[in-house]
Amino acid sequence: MAKNAPPPGLRIRIVFGDGRMLGPGKAELLERIARTGSIAAAGREMRMSYKRAWMLIETLNAMFREPLVESTRGGPKGGGAVLTETGHAVLRHYQEVVAAAAAAGKKPVATLADLLKDIPEQ
């Protein structure tokens, strides 16, 4: 591996079928909404358009029995968004899957990395 290459890692996507997936991008969006209280701010931090962020939230809300994100429209006091109890639970369970996979895969991933060719720096 090249000296400045990022360490190898896993990117976990859970596929529920019929285009219903939960992966690192949607999880990151949920994390940022929880932190910022805003779909727009979360999208901006990810360099994602507001429309794209909204589409992902609509997809997530439609996937689960209960919405993951609730939002209020803007106005004199401004709008906002919060993760629901279900949203926090889904995010927590996804993070648990990622942590378990990373722990289980640590040695095999390191072994695979050791087998990589070095990439000459340019």
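Residues numbered from 1 in each chain as written. Predicted model: local features only at pLDDT ≥ 70, side-chain atom pairs only at ≥ 80, totals over all residues. Heavy atoms only, no water.

*Asks:* Looking at this structure, I do not really get the packing of helix H1 (residues 24-36) against helix H3 (residues 50-63). What am I missing?
*Replies:* Between two packed helices, both the angle of their axes relative to each other and the distance between the axes serve to describe the pair. With their axes 11 Å apart at the nearest point, H1 and H3 run at an angle of 100° to one another. Of the possible angle classes, the one that applies to H1 and H3 is roughly perpendicular. Taking contact as the criterion, the partners of Lys26, Leu29, Leu30 and Ile33 in H1 are, on H3, Ala53, Leu56, Ile57, Thr59, Leu60 and Met63. Of the residues in the contact of H1 with H3, the class split is eight nonpolar, one polar and one charged. (Axes fitted to C-alpha atoms, helices over the stretch in contact; angles between N-to-C directions. Helix = DSSP H or I, 4+ residues; strand = E, 2+ residues; numbered from the N terminus. Parallel < 35°, antiparallel > 145°, perpendicular 65-115°, else oblique. Contact = heavy atoms within 4.5 Å. Nonpolar A, V, L, I, M, F, W, Y, C, P; charged D, E, K, R; others polar.)

*Asks:* Would you take a moment to explain H3 for this structure?
*Replies:* In this model H3 runs 20 Å from its N-terminal to its C-terminal C-alpha over 14 residues, within 8% of the 20 Å that 1.5 Å per residue would give. The complete set of buried residues in H3 reads Ala53, Leu56, Ile57, Leu60 and Met63. Down the axis of H3, the sector holding all buried residues measures 125°, keeping them to one side. Facing away from the buried surface of H3 by more than 90 degrees, the exposed residues are Lys51 and Ala62. (Expected span 1.5 Å × (residues − 1). Buried < 20%, exposed > 50% of the residue type's maximum accessible area, 1.4 Å probe, protein only. Arc of directions from axis to C-beta.)

*Asks:* What's the story with unusual backbone geometry in this structure? I'm lost.
*Replies:* A negative phi angle characterises most non-glycine residues, just as the trans form characterises most peptide bonds. Located in the positive-phi region is Asp18, a residue other than glycine, with phi close to 50°. Relative to the helices and strands, Asp18 is located in the loop between strand S1 (14-17) and strand S2 (20-22). At Arg47, a position not held by glycine, the phi torsion is positive, near 55°. Structurally, the position occupied by Arg47 is in the loop between helix H2 (39-45) and H3.

*Asks:* What is the right way to read the pattern of salt bridges from this model?
*Replies:* Should the charged atoms of two oppositely charged side chains come close, the side chains can pair. For the structure on display, the rule yields three salt bridges. The salt bridge involving Arg32 is made with Glu45; its shortest N-O contact spans 2.8 Å. With Arg32 in helix H1 and Glu45 in helix H2, this residue pair connects regions lying 13 residues apart in the sequence. For Arg35, the salt bridge is made with Glu45, and the minimal N-O distance between the two is 2.4 Å. Of this pair, Arg35 sits in helix H1 while Glu45 sits in helix H2, placing them ten residues apart in sequence. The exposure class assigned to Arg35 is exposed, which follows from its relative accessible area of 55%. What emerges from the salt-bridge pattern is a single network uniting Glu28, Arg32, Arg35 and Glu45. (Salt bridge = Lys/Arg side-chain N within 4 Å of Asp/Glu carboxyl O.)

*Asks:* It is not clear to me how the environment of Thr86 should be interpreted in this structure. Could you clarify?
*Replies:* Along the chain, Thr86 falls in helix H4 (residues 85-114). Its relative accessible area of 22% is what places Thr86 among the partly exposed residues. In sequence terms Thr86 and Ile14 are 72 residues apart; their C-alpha atoms lie 17 Å from each other. Ignoring anything within four residues of it in the chain, the contact list for Thr86 reads Glu66, Pro67 and Leu68. Within the structure, the side chain of Thr86 is placed 2.8 Å from the side chain of Glu66, a separation counted as a polar contact. (Polar contact = N/O pair within 3.5 Å; in protein donor to acceptor, adjacent residues only side chain to side chain.)

Nothing here speaks to function; it is geometry throughout.
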